[in-house]
Amino acid sequence: MSHPYRKTPEAISRLSPDQYRVTQEAGTEPAFDNAYWDNKEPGIYVDVVSGEPLFASTNKFDSGTGWPSFTRPIEPQNVVERQESSLGMTRTEVRSAHGDSHLGHVFDDGPVEAGGLRYCMNSAALRFVPRDDLEREGYGEYLQML
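Here the structure is a predicted model, which means the values were calculated and not measured. (Residues numbered from 1 in each chain as written. Predicted model: local features only at pLDDT ≥ 70, side-chain atom pairs only at ≥ 80, totals over all residues. Heavy atoms only, no water.)

1. Quick look at the pattern of salt bridges
The following threshold applies: Just to be clear on terms, a salt bridge is a Lys or Arg side-chain nitrogen sitting within 4 Å of an Asp or Glu carboxyl oxygen. Strands are runs of DSSP state E lasting at least two residues, helices are runs of H or I lasting at least four, and both sets are numbered from the N terminus onward.
Taken as a whole and assessed by the stated rule, the structure comprises nine salt bridges. A salt bridge links glutamate 93 to arginine 82, with the shortest nitrogen-to-oxygen separation between them at 2.9 Å. Residue glutamate 93 is found in strand S6 (residues 89-96), and its partner arginine 82 is found in strand S5 (residues 79-86); the two are separated by eleven residues along the sequence. The shortest N-O distance in the salt bridge between arginine 136 and glutamate 137 comes to 4.0 Å.

Below you can see the structure in the form of structure tokens.
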């Protein structure tokens, strides 16, 4: 089933100031002071702008950084990685493919047994869809992974 995941003026107009700063201006929210850094509920995380599925709770881990961290995306084609230089360092930025939202960065210091990557995301760029709401919200195909 194909979904029309995209960035629209209406979606942008619904963003809070923090969501706009993070997703549209490549901002970063404070560590340990964001919605999902310690969320342990089963479900998936989607782009707050486009709704495209990005990460699953089954791939979330406590990195100790204060931001939600994942070992891999659930739909690799929905994330775009690109090199960027800011704050005096070169990092790999992670953006959503359809919404073009800045999500965070990926680092190579994640759990070795899960591939070694740490997708360090901003909660402000994500919307959490609990397992019990997946079917109703059109994400039923992800139920089996939870």
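Now that the structure is up, let's keep going.
2. Overview of the sheet that holds strand S8 (residues 118-121)
Counted only if it meets this: Being paired, for any two strands, means DSSP has found at least two bridges between them.
Sheet architecture is open: six strands sit in the order S3-S4-S8-S7-S6-S5, paired in antiparallel fashion. One side of each edge strand has no neighbouring strand; the edge strands of this open sheet are strand S3 (60-61) and S5. Bridging between strand S4 (residues 69-70) and S8 involves two bridges; their strand directions are antiparallel. In the strand pairing of S8, phenylalanine 70 is matched with tyrosine 119.

3. A word on the side chain of serine 69
Test applied: The definition of a polar contact used here is a pair of N or O atoms within 3.5 Å, where within protein one atom must be able to donate a hydrogen and the other to accept one, and adjacent residues in sequence count solely through side-chain atom pairs. Contacts between residues were defined by any pair of non-hydrogen atoms, one from each residue, lying within 4.5 Å.
The topology assignment puts serine 69 in strand S4. A distance of 2.8 Å separates a polar atom in the side chain of serine 69 from a polar atom in the side chain of serine 63. The residues contacting serine 69, other than those within four sequence positions of it, are Asn59, Lys60, Phe61, Ser63, Arg118, Tyr119 and Cys120.

4. Remarks on the pairing of strand S2 (residues 53-56)
The sheet contact formed by strand S1 (residues 43-47) and S2 spans three bridges and is antiparallel. Bridging from a neighbouring strand, valine 46 pairs with proline 53 of S2. The antiparallel hairpin formed by S1 and S2 contains five residues in its connecting segment, where glycine 51 sits at a positive phi of about 85°.

5. Some thoughts on the packing of aromatic side chains
Defined as follows: Pairs were defined over the aromatic rings of Phe, Tyr and Trp, the Trp ring being its six-membered one, requiring ring centres within 6.5 Å. Orientation was assigned from the angle between planes: stacked under 30 degrees, edge-to-face over 60, tilted for the rest.
Counted under the stated rule, the structure contains seven aromatic pairs. Considering the side-chain rings of phenylalanine 32 and tryptophan 37, the 5.0 Å spacing of their centres and the 80° angle between planes classify their relative orientation as edge-to-face.

6. Things to note about the environment of aspartate 47
For clarity, the cut-off: Exposure categories follow from relative accessible area, calculated using a 1.4 Å probe and restricted to protein chains: below 20% of the type maximum is buried, above 50% is exposed, and the middle band is partly exposed.
By secondary structure assignment, the location of aspartate 47 is in strand S1. Here aspartate 47 falls in the buried class, since its relative accessible area comes to 1%. Measuring from C-alpha to C-alpha, the distance between aspartate 47 and valine 79 comes to 10.0 Å, with 32 residues separating the pair along the chain.

7. Points about the environment of glutamate 135
On the secondary structure map, glutamate 135 appears in the segment after strand S9 (126-130). Look at glutamate 135 and you get exposed, because its relative accessible area is 57%. With residues near it in sequence (within four places) discarded, glutamate 135 still touches Gly140 and Leu143.

8. Things to note about the UniProt feature "active site" (unreviewed entry) in the protein chain
Our working definition: UniProt positions are given in the numbering used here, feature names are shortened, and annotations may be inferred rather than shown by experiment.
Cross-referencing UniProt, the feature "active site" (unreviewed entry) maps to Cys120 in the present numbering. Tracing the chain through its elements places cysteine 120 in strand S8. Among all residues touching cysteine 120, those that are not within four sequence positions of it are Thr65, Trp67, Pro68, Ser69, Leu103, Gly104, His105 and Phe107.

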